[in-house]
Amino acid sequence: MSGQLAKVQRMINKADHLITISNYVKEDVLQHLEIGDTPLSVIYNGCDVKSFPSFNAPLYRPSRPFLFTIGTILPKKNFHVIPRLLKDTDYELIIAGNANTTYQKQILQEAAAYGVLDRVKIIGPIDEKSKYWYFSNCAAFVFPSIAEGFGIPVIEAMHYGKPVFLSDKTSLPEIGGNLAYYFENFDPAYMRDVFDKGMAHYEATQPMAALKKHADSFRWEEIGGQYLDIYRSLIA
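Trainee: So what's going on with the environment of Lys-169? Which residues, and what values?
Mentor: Inspection of the secondary structure assignment puts Lys-169 in the loop between strand 7 (164-167) and helix 6 (172-176). A C-alpha to C-alpha distance of 9.2 Å links Lys-169 and Tyr-182, two positions 13 residues apart in sequence. With near-sequence residues (within four places) excluded, Lys-169 lies in contact with Ser-145, Ile-146, Glu-184 and Phe-186. Separated by 3.0 Å, the side chains of Lys-169 and Asp-168 make a polar contact.

Here you go:
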């Protein structure tokens with residue numbers, strides 16, 4: 001067992017009840033650690049989205065319809081596959097978050113290979129007001145991450161009723177449910193087909209209310225109650 005796993009195992013050995021933030025993480029724990037008879041529950045992360053309706057001054061203002069994504073810009077986020085969706089479209093791509101310099105170069109190289117470099121903007125970290133603006137105004141949220149324990153940005157995008165395009169890896173299908181559109185692989189033609197069909201389905205079905213309802217099920221008022229139930233069971 002590695003040093004990091006051993007550290008986690010020592011904490012597990014002291015626990016009266018274990019909680020993971022997704023079934024994906026639960027299965028990972030069961031595969032790599034020993035929990036014995038300790039109860040293990042799944043409670044998803046809570047997410048209360050902040051709104052700023054009067055705000056209209058984002059860090060960068062796109063000049064055309066845009067796709068949006070946000071997160072620490074590392075290879076596991078898989079953001080470099082998104083620029084291929086811009087080819088033969090009028091979309092810009094806005095990527096927000098702290099960037100790994102090497103991976104940022106890879107994203108821009110991918111954009112250049114598809115002839116869309118001028119429409120890919122990596123804008124760095126943003127405040128809550130700018131995040132609100134981008135989620136509110138984007139044409140779609142694209143999050144092809146291949147390593148997520150949960151995925152709070154997915155819930156944020158759904159709160160605003162946006163079409164959400166995710167990878168089908170790790171925990172993301174749990175979070176997006178049947179209201180998201182999924183990339184099973186990252187072949188450019190396949191991704192474009194999923195995107196085009198997803199956008200057409202979204203326009204035809206107008207699922208904004210269902211998306212908002214799904215996002216609301218992750219509010220801390222609901223999630224906090226689940227934690228409270230467990231705490232009460234431990235002291236009863």
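Trainee: Before we move on, can you summarise the packing of aromatic side chains with the specific residues and values?
Mentor: Per the counting criterion, the structure on display carries 20 aromatic pairs. With 5.5 Å between their ring centres and 45° between their planes, Phe-135 and Phe-141 make a pair best called tilted. Phe-141 matches Phe-135 in its accessibility class, with the two residues each being buried. Aromatic side chains Phe-141 and Phe-143 sit 5.6 Å apart centroid to centroid with 20° between the ring planes, which places their arrangement in the stacked category.

Trainee: Help me get a handle on helix 4 (residues 128-137), residues and values and all.
Mentor: Of the residues making up helix 4, those classed as buried are Ser-130, Lys-131, Tyr-132, Trp-133, Tyr-134 and Phe-135. Looking at the buried side of helix 4, the elements it contacts are strand 3 (66-70), strand 4 (92-96), strand 5 (120-124), strand 6 (140-143) and helix 5 (152-159). Capping of helix 4 at its N-terminal end is provided by Asp-127; its side-chain oxygen lies 3.2 Å from the backbone amide nitrogen of Lys-129.

Trainee: Break down the pattern of salt bridges for me, with residues and values.
Mentor: Enumeration over the complete set of coordinates arrives at eleven salt bridges. Through salt bridges with shared partners, one network takes in Arg-64, Asp-90 and Glu-92.

Trainee: Can you break down the pairing of strand 3 residue by residue, with the values?
Mentor: Most of strand 3 sits inside the fold, with five of its five residues counted as buried. Both faces of strand 3 are covered, namely the face carrying Phe-66, Phe-68 and Ile-70 and the face carrying Leu-67 and Thr-69. By the bridge criterion, five bridges tie strand 3 to strand 4 in an arrangement that is parallel. Within strand 4, the position partnered with Thr-69 by the bridge is Ile-95. Across two bridges, strand 3 lies against strand 6 in parallel orientation. By the bridge assignment for strand 6, Leu-67 is matched with Ala-140.

Trainee: For the nonpolar core, give the residues involved together with the corresponding values.
Mentor: In this structure, Leu-67, Phe-68, Phe-141, Val-154 and Phe-165 are the most contacted members of the largest nonpolar core, which totals 56 residues. Top element by residues in this core is helix 7 (residues 188-205). It accounts for five residues. Every residue in contact with Phe-68, bar those within four places of it in the chain, is listed here: Ile-94, Ala-96, Ile-126, Tyr-134, Phe-135, Cys-138, Ala-140, Phe-141 and Val-142. Ranked by size, the runner-up nonpolar core spans six residues in total, among them Ile-12, Val-29, Leu-33 and Leu-40.

Trainee: Before we move on, could you go through helix 7 and cite the residues and values that matter?
Mentor: With 18 residues, helix 7 extends 26 Å from end C-alpha to end C-alpha; this agrees with the ideal 26 Å at 1.5 Å per step. Restricting attention to buried positions, one finds in helix 7 the residues Met-191, Val-194, Phe-195, Gly-198, Met-199 and Tyr-202. Buried residues of helix 7, seen end-on, are gathered within an arc of 125° and therefore sit on one face of the element. Seen from the open side of helix 7, the exposed residues pointing more than 90 degrees away from its buried face are Ala-189, Lys-197 and Ala-204. Its buried side turned inward, helix 7 meets strand 3, strand 6, strand 7, strand 8 (181-183) and helix 8 (208-216). Between a side-chain oxygen at the N-terminus of helix 7 and the backbone nitrogen of Ala-189 the separation is 3.2 Å; the capping residue is Asp-187. At the C-terminal side of helix 7, Gln-206 shows a positive phi close to 50°.

Trainee: Please give an account of the side chain of His-80 that cites residues and values.
Mentor: Mapped onto the elements of the fold, His-80 is located in the loop between strand 3 and strand 4. Of note is the side chain of His-80, whose polar atom sits 2.8 Å from the side chain of Tyr-103. Leaving out residues up to four positions away in the same chain, His-80 has contacts with Tyr-103, Gln-106, Ile-107 and Glu-110.

Trainee: Run through the environment of Gln-106, naming residues and quoting values.
Mentor: Its location among the elements puts Gln-106 in helix 3 (residues 101-113). Placed 26 residues apart in sequence, Gln-106 and His-80 show a C-alpha to C-alpha distance of 6.6 Å.

Criteria and cut-off values
Residues numbered from 1 in each chain as written. Predicted model: local features only at pLDDT ≥ 70, side-chain atom pairs only at ≥ 80, totals over all residues. Heavy atoms only, no water. Helix = DSSP H or I, 4+ residues; strand = E, 2+ residues; numbered from the N terminus. Contact = heavy atoms within 4.5 Å. Polar contact = N/O pair within 3.5 Å; in protein donor to acceptor, adjacent residues only side chain to side chain. Phe/Tyr/Trp six-rings, centres within 6.5 Å; stacked < 30°, edge-to-face > 60°. Buried < 20%, exposed > 50% of the residue type's maximum accessible area, 1.4 Å probe, protein only. Salt bridge = Lys/Arg side-chain N within 4 Å of Asp/Glu carboxyl O. Pairing = 2+ DSSP bridges. Core = buried A, V, L, I, M, F, W, Y, C linked by side-chain atoms within 4.5 Å. Expected span 1.5 Å × (residues − 1). Arc of directions from axis to C-beta.

Any functional reading would require information that these geometric values do not contain.
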